[in-house]
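Understanding the architecture of this molecule
Listed here are the chains, written in short residue letters.
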Amino acid sequence: MSLNRFRERKKKKADQYFDYSLLFIVLFLLGFGMIMIYSTSSYEASKDYGDAAYYLKKQAVSTTLGIAAMIVTANIPYHFWEKFAVPGYIISAVLICLVLTPIGVKVKGARRWLDFGIGFRLQPAEIAKLCMILFLASLVCKMGKGIRTGKGFATVLLVPLPISLMIWKITDNMSSAIIVFGIAALMLFVSSPDYKKFILLGLAGSGAIAALIYIIVHMASSENLGFRGERILAWLDPEAYASGKGFQTLQALYAIGSGDIFGKGLGQSMQKLGFIPEAQNDMIFSIICEELGLFGAIAIILLFLLLIWRFMIVANNAPDLFGALLVVGVMGHIAIQVILNIAVVTNTIPNTGISLPFISYGGSSVMFLLIEIGLVLSVSHSIRLKEV
């Protein structure tokens with residue numbers, strides 16, 4: 001009897017699926033990110049803190065905690081988290097508001113972090129992205145076919161607006177606000193069969209952006225343009241704003257152009273020597289291009305494409321809609337962030353602070369990204385392999 005039970009348990013375990021390819025890609029990106037953070041930040045870290053590995057050590061701690069959290073999350077059935085959907089939405093809103101309290105910390109001119117006095121800083125926007133994925137997956141499942149109606153469509157689009165506006169206005173972080181709304185739009189796109197609404201929404205959004213750019217260009221002489229307006233003008237003509245808003249973009253483009261096909265070699269970047277401010281953060285892709293060339297840049301882009309493909313495989317084979325939507329939400333988060341980061345570095349869109357997932361320096365970002373990967377691995381672990 002005990003032998004039969006052992007065989008049944010072994011067969012059940014063998015029938016379960018686990019996406020080792022996805023895990024390998026994530027671990028490779030993390031390892032590559034650590035190498036590039038050290039290569040990019042060693043000069044400034046040595047100059048500012050007397051320790052060339054200062055940023056590397058801090059990132060290593062966050063990455064270790066993130067991997068531990070990923071392992072725990074991956075081994076918990078993903079439906080366990082569904083009960084935290086509404087509390088998570090509320091908690092993320094509260095944490096964003098706490099930025100305005102004394103525990104809110106301003107770093108490099110931006111007040112976006114919470115300092116709990118134990119040597120640990122937290123960026124509420126990163127928690128909001130994770131909580132939004134969880135909340136929307138739960139909401140769409142509860143709405144069922146009601147999402148196909150105009151009311152259901154509008155509800156899913158309106159749900160992220162309060163959080164997005166709070167992130168934008170309270171923490172002055174427009175890029176994260178766009179990502180939160182983009183996650184909602186992608187999850188709605190996947191779960192709603194009516195694509196006409198998305199075409200109209202896309203056309204309306206494109207028209208609004210074009211009108212905004214037109215207005216800003218014709219207000220170029222106005223003193224009330226604001227720093228975001230200046231960023232748009234610098235995007236259109238970075239050389240005209242070389243000493244101001246266009247400086248970082250121009251230096252990044254110089255780095256990309258000087259990398260040629262195979263780059264100058266790991267650690268041989270010139271632009272990281274004080275020319276690109278905080279190069280280990282938003283502009284790390286430009287240093288990758290300079291040191292590893294076009295070859296290295298394309299290799300990293302292909303790795304992200306492989307990662308997104310693995311997300312699609314898991315989502316398509318998820319046991320239920322809730323699991324599929326969780327994976328789609330994580331896929332949307334990472335895909336949007338990668339596209340925006342590379343677009344900013346190459347001056348395809350106006351400069352806005354946004355990190356490259358798993359590679360850029362940032363403790364909160366890497367920790368919560370790894371928790372999201374844990375959710376995806378949990379969904380993949382619930383897939384049952386069919387007998388041939």
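Structure first, text after, so check above.
The structure presented is a predicted model; accordingly, all values stated were derived computationally and were not measured.

About the cut-offs
- Residues numbered from 1 in each chain as written.
- Predicted model: local features only at pLDDT ≥ 70, side-chain atom pairs only at ≥ 80, totals over all residues.
- Heavy atoms only, no water.
- Helix = DSSP H or I, 4+ residues; strand = E, 2+ residues; numbered from the N terminus.
- Buried < 20%, exposed > 50% of the residue type's maximum accessible area, 1.4 Å probe, protein only.
- Contact = heavy atoms within 4.5 Å.
- Areas by Shrake-Rupley, 256 points an atom, 1.4 Å probe, with all protein chains shown as cover.
- Lys, Arg positive; Asp, Glu negative; His and termini not counted.
- Charge placed at Lys NZ, Arg CZ, Asp CG, Glu CD.
- Axes fitted to C-alpha atoms, helices over the stretch in contact; angles between N-to-C directions.
- Parallel < 35°, antiparallel > 145°, perpendicular 65-115°, else oblique.
- Core = buried A, V, L, I, M, F, W, Y, C linked by side-chain atoms within 4.5 Å.
- Expected span 1.5 Å × (residues − 1).
- Pairing = 2+ DSSP bridges.
- Left-handed = near helix turned anticlockwise from the far one by under 90°.
- Nonpolar A, V, L, I, M, F, W, Y, C, P; charged D, E, K, R; others polar.
- Phe/Tyr/Trp six-rings, centres within 6.5 Å; stacked < 30°, edge-to-face > 60°.

**Focus on the overall build of the chain**
- In terms of helices and strands, the chain carries 14 helices and three strands.
- The dimensions of the chain, computed from C-alpha atoms along their principal axes, are 80 × 50 × 45 Å.
- When burial is assessed residue by residue, the chain has 47% of its 388 residues classed as buried.
- Long-range pairs, those at least 24 residues apart, make up 70% of the contacts in the chain with a sequence separation of at least 6.
- When the accessible area of the chain is evaluated, it comes to approximately 19100 Å², of which 67% is carbon and sulfur surface.
- With 32 positive and 23 negative side-chain charges, the chain shows a spacing of 11 Å between the two charge centroids.

**Observations concerning the side chain of Ser192**
- Position of Ser192 among the secondary structure elements: in the loop between helix 8 (174–191) and helix 9 (195–217).
- The class of Ser192 is buried, set by a relative accessible area of 1%.
- When residues no more than four places from it in sequence are discounted, the contact partners of Ser192 are Ile147, Phe153 and Phe198.

**Considerations on the packing of helix 2 (residues 20–49) against helix 14 (residues 363–381)**
- Two elements in contact, helix 2 and helix 14, have axes whose closest approach is 11 Å; the angle formed by their N-to-C orientations is 170 degrees. Judged by the angle between their axes, helix 2 and helix 14 are roughly antiparallel. Contact residues: Leu22, Leu23, Val26 and Leu30 in helix 2; Val366, Leu370, Ile373, Val376 and Leu377 in helix 14.

**Looking at the nonpolar core**
- Phe304, Leu307, Phe311, Ile334 and Phe358 are the most contacted members of the largest nonpolar core, which totals 95 residues.
- No other element matches helix 13 (residues 321–345), which puts 16 residues into this core.
- Dropping the residues within four chain positions of it, Phe311 is found in contact with Leu22, Val327, Val330, Met331, Ile334, Ile373 and Val376.
- Grouped together as the second largest cluster of nonpolar side chains are 10 residues, Leu122, Leu130, Phe368 and Leu375 included.

**A word on helix 13**
- Between its terminal C-alpha atoms helix 13 stretches 36 Å, which fits the 36 Å expected from 25 residues at 1.5 Å a residue.
- Burial runs high along helix 13: 23 of the 25 residues are buried.
- Note on helix 13: the residue one or two positions beyond its end, Asn347, has a positive phi of about 65 degrees.

**Brief notes about unusual backbone geometry**
- Even without glycine at this site, Asp260 takes up a positive phi of about 55 degrees.
- Asp260 gets classed as exposed once you look at its relative accessible area, which sits at 58%.

**A few points about the sheet that holds strand 3 (residues 121–122)**
- Pairing is antiparallel in the open sheet, where three strands are placed in the order 1-2-3. Among the strands making up the open sheet, the edge pair consists of strand 1 (104–107) and strand 3.

**Details of the packing of helix 5 (residues 124–143) against helix 13**
- The N-to-C vectors of helix 5 and helix 13 enclose an angle of 145 degrees; their axes lie 9 Å apart at closest approach. Relative to helix 13, the crossing made by helix 5 is right-handed. Across the interface between the two elements, Lys129, Ile133, Leu134, Ala137, Ser138, Val140 and Cys141 from helix 5 touch Leu321, Phe322, Leu325, Leu326, Gly329, Val330, His333 and Gln337 from helix 13.
- Tallied by class, the residues present in the contact of helix 5 with helix 13 amount to 10 nonpolar, four polar and one charged.

**Examining the packing of aromatic side chains**
- Following the criterion strictly, the structure yields 14 aromatic pairs and no others.
- Judged by centre distance (4.8 Å) and plane angle (55 degrees), the ring pair of Phe18 and Tyr20 falls under tilted.
- Between the aromatic rings of Trp81 and Phe84, the centroid separation amounts to 6.0 Å while the plane-to-plane angle is 45 degrees, which identifies the pairing as tilted.
- Residue classification places Phe84 among the partly exposed positions, given a relative accessible area of 36%.

**Concerning the environment of Ile232**
- When you line up the elements, Ile232 lands in helix 10 (residues 226–236).
- A relative accessible area of 11% places Ile232 in the buried class.
- When the C-alpha positions of Ile232 and Pro350 are compared, they lie 5.4 Å apart, and in sequence the two are 118 residues distant.
- In this view, Ile232 contacts Ile213, Ile216 and Pro350; residues no more than four positions away in its chain are not counted.

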